Amino acid sequence: MMSNMVTALNSALSSILENDRNAVVLGEDVGKDGGVFRVTDGLSEKFGENRVIDTPLAESGIIGTSIGMAISGMRPIPEIQFAGFMFLGFSQLVNHAARYRSRSRGSFKVPMIVRTPVSGGVRTLEHHSESPETYYSHMGGLIVVEPSGPYDAKGLMIKASKLDDPVVFLEPTKLYRLFKEEVPEEPYEVEIGKAKTIREGSELSIITYGTMVPVVKSVVEKRKIDADIIDLRTINPIDENSILESVKKTGRALIVHEASLSFGVGAEVSARIAEKAIFDLKAPIIRVASHSLPYPFPGYEKYFIPNELKVSKAIDRIMSV
Amino acid sequence: MKREAFSGSVTYFQIMDENGNVDKELMPNYVDDNKILEMLKYMVLAREIDAKALSLQRQGRAVTYAPLLGEEATQVGAAMALRNNDYFVPNFRQHAVYLVRGLPMELYFLYWRGYEEAQKIPENVKGLPVIVPVSTQMPHAAGIAFAQKYQKTGSAVVAFVGDGGTSEGDFYEAINFAGAWNAPLITIIENNSWAISEPTRMQTAAQTLAQKGIAAGIKRIIQVDGNDVIAVYKAVREAIEASDGGPAVIEALTYRMGLHTTADDPTKYRPDSELEKWKPKDPILRVKKYLSQKGLWNDDIEKAFLDENMKKIDEAIDKAERFVPDPKSMFENVYSFVPDVLKKEMDEAVGENFWQGDSE
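Bear in mind that the values here come from a model prediction, so they are computed numbers and not experimental data. (Residues numbered from 1 in each chain as written. Chains lettered and ligands numbered in written order. Predicted model: local features only at pLDDT ≥ 70, side-chain atom pairs only at ≥ 80, totals over all residues.)

### Concerning the overall build of chain A
Phase 1: Along chain A, the regular secondary structure elements total 12 helices and 14 strands.
Phase 2: What you see for chain A is a C-alpha radius of gyration of 19 Å, in line with the 20 Å of a compact globule of 321 residues.
Phase 3: Overall, chain A is about 60 × 40 × 40 Å in size when its C-alpha atoms are taken along their principal axes.
Phase 4: For chain A, buried positions account for 58% of its 321 residues. (Helix = DSSP H or I, 4+ residues; strand = E, 2+ residues; numbered from the N terminus. Rg over C-alpha atoms; globule rule 2.2 N^0.38 Å. Buried ≥ 20, exposed ≤ 12 C-beta atoms within 10 Å, placed from the backbone.)

What follows is the structure, encoded as C-alpha cells:
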C-alpha cells in the first residue's frame, strides 16, 4: 500500500511487536498519544500498556533501562522524542550500549533500537533539528541507520530488530510525511551496511543520505546531470565498496549531507576516497553540508541547511574540472 | 536496636480559595489590596499576550508555541517575589516571569519568530534565556546560586522546572548540589499535572514532588496551591528571604489548561471532564472575585486596562515582525572570535549567494 514514512515505521514496529514477544516500545508519550509524530500511534491499544510503555521524562533513564532490558534477553525499542534530547542519554549509549559486547568479549549483548527524529527544515524550536549521526558513529559499537524514504524505513527497522546489536535509528523529521511510496504490508528486510544507488550515471558520483536525498534528486533531475546518486542508508558501518565502485567509474565525488561540514560524515567518505581511489579522480572531492555552527533557531535555518542552489553550484564546480 | 533514622513531611497551604475567600491567619501583612491588584494585572496581561502568541502561531506568524494558560499564578506570584538583584532560571514556558521582570515585549515575540537575537536579555531582567531540554537548566541554577554565595552578592536564584522535569537526572543532581553547598537556590516545581500526554502519576510513585527535596537534605520544603497567586508569592518571598540560610523546594500545584505546544492535541489523551474540573480553580477568576467585592475591579476597569496594553502588544508584535535577520550573525556569535575556517565558509556563502537560494 502507499505509505509515508510514519505509517511505514508504524507498520514495522507493529510487526516486530507481533513477532517477538520480548520486544517492547518505550519512551515519552509513545502510548496513548502515539508519539509526538504519531509513529507509535495505535500500538498501545493493540499490544497493551505493558509493551508500549509511557516512561518518566528522563532520556538517560530511557536508554539506560533499555540496556538493562536488552542484556536480560528483551528487545527494547526506545524512542527519544527529539535528536537534541538524546544527548541526555549520550553517556548510556557510548559508555554502555556500544561497549557491553566488547567489554565482555561477547558474553553480553545489547539488542535494541534507539529511534529518534533528526534534522531540520521544519521550523521547530531549539534542540529539535540536530543531525547527530557523526557522534554515534565515531566511537564504534553502535550501528547507525538513516532511511530517506518509507520503503527503506520499514525494511531497515525490521532488519535492525533481527540484529543482536544496538542500533541508532535516525528518522528525518522532514521526510516523515513528505511523500508516499509503495510499502508492502508484510514484513521484509533491507540490508544494513549497504548503500543504495538510487539513480545511475557516468560522470559524477553524489554520495548523500537523509534529508538531502530529495534535494540532490531534484537538482540532478532538473539539470539532467549524468550522475550516480548513492543513498548511504547506513552511516555506520559505512558501505565503502559501493562508494569506491561508483567513484572509480565516474571519477568525480560530491558528498552532500545536512549535518555540519566540519568533522562530519563527508570527511569520512572523502578520506576513504582519497586513500583508495585518488588516482581515479578527475576533480577534487567536494563536500556540501550545513555550516560548521550550532544548529540555529528556526528563523535562520534556511541560511544554515544546504539548498538546491548550493548543491547546483557544487555540481558546476566539480564538472568544470 | 532500631530507631527512626529519618522522618519528614510536606505541608500544603492555600491563602485565597477559588471563591476569592482569604485565610486571614495565613495572609501575610506585606500583601495589601494594591499588591493583589498588581498581581491580577500581570496575570491578565500574561494571559492576553499568551492568547496573542497562540493566535500568531495559528496564522503562521510564529513557530511552535508553548502556551502558559492556567499557570499565571505560579509564574506571576514567584516572579513578583524576586528582589531586584535576584536571578531567575526558566525552562520554556515561563513567559509571565519574563513579563514581570521587564523583558521588552518585542523580544518575547521575536523568540517565537525564531531568532536568537530575542535572547539578548537586558541585564536588569536578571534571567537566563529560554532553555528547551527539560530540567537541563537546573544544574546551571545551582551553579549560579553557588556563585552568589562565593561572590557574596546576597542574591538568590529562583529556578523553574515542570512536573515531568523532576524525573530527569539533572533535577536530582541540581537540588543535591544546592543542598550540599547550602546555596541560595529556590526550586519551583511548576506542577501543571501533565508532561505532554503523561499525567504526574506516570512520572513517579512519590506522593508529592516537593518531597524529592527532602532526600536532597533541603530543609524548606513547601507545597502550595499554584493557582493561588498570594500563596505562591508568600512561599517564594519567604524562601528568598531565608535563602542565605540555604535552598528551598516549592511545589506549586497548577494545571495546564491548554496545549503542551501548538504541535500537541490534548483531546487525544486528556478527558474533557478533568479540564472542566479545573476551570473553577482558574487562578485569575478568584482574584477578580476578591477585588470586585472590594470595588477595585470590574469589566470597565478590565477593558480600559486591556485597551491600554493592547496597543503596546501590537507595537511589540509589529517590531518583532519587522526584524531583519542577518545570517552573518550565526558566524559571528559562536566563539569570541571568528576562526579562519569559519570566515572562509561565511565568505563563500556570501560570495556565491547561497543564502538567496531559498524563499521562505
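Anyway, onward from the coordinates.
### Brief notes about unusual backbone geometry
Phase 1: Residue A:Pro237 follows A:Asn236 across a cis peptide bond; omega there is 0 degrees.
Phase 2: Among the structural elements, A:Pro237 can be located in the loop between strand E12 (234-236) and helix H9 (240-250).
Phase 3: With phi around 50 degrees, B:Asn182 is a residue other than glycine that occupies positive phi space.
Phase 4: Structurally, B:Asn182 can be placed in the loop between helix H6 (169-181) and strand E4 (185-191).
Phase 5: B:Asn182 sits in the partly exposed class, given 18 other C-beta atoms within 10 Å.

### Comments concerning the interface of chain A and chain B
Phase 1: Taken together, the contacts link 35 residues of chain A with 37 residues of chain B.
Phase 2: For the side of chain A that touches chain B, the secondary-structure elements that each account for two or more residues are helix H11 (301-304) and helix H12 (308-319) of chain A.
Phase 3: Sorting elements by how many residues they give to the side of chain A that touches chain B places H12(A) first, with four residues.
Phase 4: Along the lines of polarity and charge, the residues of the side of chain A that touches chain B split into 16 nonpolar, eight polar and 11 charged. (Contact = placed C-beta atoms within 7 Å. Nonpolar A, V, L, I, M, F, W, Y, C, P; charged D, E, K, R; others polar.)

### Some points on the domain arrangement of chain A
Residue and element names in this part refer to chain A.
Phase 1: According to the domain assignment, chain A consists of domain 1 (2-182) and domain 2 (196-319).
Phase 2: Taken over C-alpha atoms, the centre of domain 1 sits 26 Å from the centre of domain 2.
Phase 3: Listed per partner, the contact involves 25 residues of domain 1 and 20 residues of domain 2.
Phase 4: Going through the elements one at a time, helix H6 (133-138), strand E6 (143-145) and helix H7 (150-160) are the ones with two or more residues in the side of domain 1 that touches domain 2.
Phase 5: Tallied by class, residues from the side of domain 1 that touches domain 2 come to nine nonpolar, nine polar and seven charged. (Domains from an automatic or database assignment.)

### As for the pairing of strand E11 (residues 227-231) of chain A
All names here are of chain A.
Phase 1: Within E11, five of the five residues are buried, which leaves the element mostly enclosed by the surrounding structure.
Phase 2: By the alternation rule, side chains of E11 split into Ala227, Ile229 and Asp231 and Asp228 and Ile230, which are all buried.
Phase 3: Taken together, the three bridges between strand E9 (residues 196-199) and E11 define a ladder with antiparallel strand orientation. Paired with threonine 197 across the two strands is isoleucine 230, which belongs to E11.
Phase 4: Taken together, the five bridges between strand E10 (residues 204-208) and E11 define a ladder with parallel strand orientation. Note that in E11 the partner of isoleucine 206 across the bridge is isoleucine 229.
Phase 5: Crossover E10 to E11 through helix H8 (residues 212-223) is right-handed. (Pairing = 2+ DSSP bridges. Right-handed = clockwise from strand over helix to strand, strands pointing away.)

### What to know about the sheet that holds strand E2 (residues 87-89) of chain B
Residue and element names in this part refer to chain B.
Phase 1: Strand order in this open sheet of six strands is E1-E7-E8-E4-E3-E2, and the pairing throughout is parallel. The open sheet has two free edges, formed respectively by strand E1 (11-13) and E2, since each of these has just one partner strand. Each strand of the sheet is rotated relative to its neighbour by a mean of 20 degrees, with strand direction disregarded.
Phase 2: Bridge analysis of E2 against strand E3 (residues 157-162) gives three bridges, and the strand direction is parallel. Looking at E3, one finds that phenylalanine 88 is bridged to valine 158. (Axes fitted to C-alpha atoms, helices over the stretch in contact; angles between N-to-C directions.)

### Quick word on the pairing of strand E2 (residues 23-27) of chain A
All names here are of chain A.
Phase 1: Counting buried positions over the five residues of E2 gives five, a clear majority of the element.
Phase 2: Of the two faces of E2, both are covered, the one formed by Ala23, Val25 and Gly27 as well as the one formed by Val24 and Leu26.
Phase 3: As paired strands, E2 and strand E4 (residues 75-79) are joined by five bridges and run parallel to one another. Of the residues in E4, the one forming a bridge with glycine 27 is glutamate 79.
Phase 4: Across three bridges, the pairing between E2 and strand E3 (residues 52-54) is parallel. For valine 25, the partnering residue across the bridge sits in E3 and is valine 52.

### Points about the domain arrangement of chain B
Phase 1: Domain assignment breaks chain B into domain 1 (11-321) and domain 2 (326-360).
Phase 2: Each of domain 1 of chain B and domain 2 of chain B has a C-alpha centre, and the two are 38 Å apart.

### Points about the environment of A:Ile207
Residues and elements named next belong to chain A.
Phase 1: You can see isoleucine 207 is positioned in strand E10.
Phase 2: Overall, the presence of 29 C-beta atoms within 10 Å leaves isoleucine 207 in the buried class.
Phase 3: Considered as a pair, isoleucine 207 and aspartate 239 are 32 residues apart in the sequence and their alpha carbons are 11 Å apart.
Phase 4: With residues near it in sequence (within four places) discarded, isoleucine 207 still touches Ile230, Leu232, Ile243, Ala253, Ile255 and Val269.

### Thoughts on the environment of B:Thr267
Phase 1: Checked against the element boundaries, B:Thr267 lands in the loop between strand E8 (248-253) and helix H9 (272-278).
Phase 2: It is 9.7 Å that separates the C-alpha atoms of B:Thr267 and B:Ser197, two residues lying 70 residues apart in sequence.

### Thoughts on helix H2 (residues 72-81) of chain B
Phase 1: Counting buried positions along H2(B) yields 10 of 10 residues, so the element is predominantly enclosed.
Phase 2: Buried within H2(B) we find B:Glu72, B:Ala73, B:Thr74, B:Gln75, B:Val76, B:Gly77, B:Ala78, B:Ala79, B:Met80 and B:Ala81.

### As for helix H10 (residues 265-277) of chain A
Side chains of residues three or four places apart in an α-helix project in the same direction, reflecting 3.6 residues per turn.
Residues and elements named next belong to chain A.
Phase 1: Between its first and last C-alpha atoms H10 spans 18 Å; for 13 residues at 1.5 Å apiece the expected length is 18 Å, and the two agree.
Phase 2: Buried residues of H10: Val265, Gly266, Val269, Ser270 and Ile273, and no others. Angularly, the buried residues of H10 cover 125 degrees about the axis, an arc narrow enough to put them on a single face. Those residues of H10 that are exposed and aimed more than 90 degrees away from the buried face are Ala271 and Glu275.
Phase 3: Taken together, the buried residues of H10 touch H6, E10, E12, H9, strand E13 (253-260) and strand E14 (286-290). (Expected span 1.5 Å × (residues − 1). Arc of directions from axis to C-beta.)

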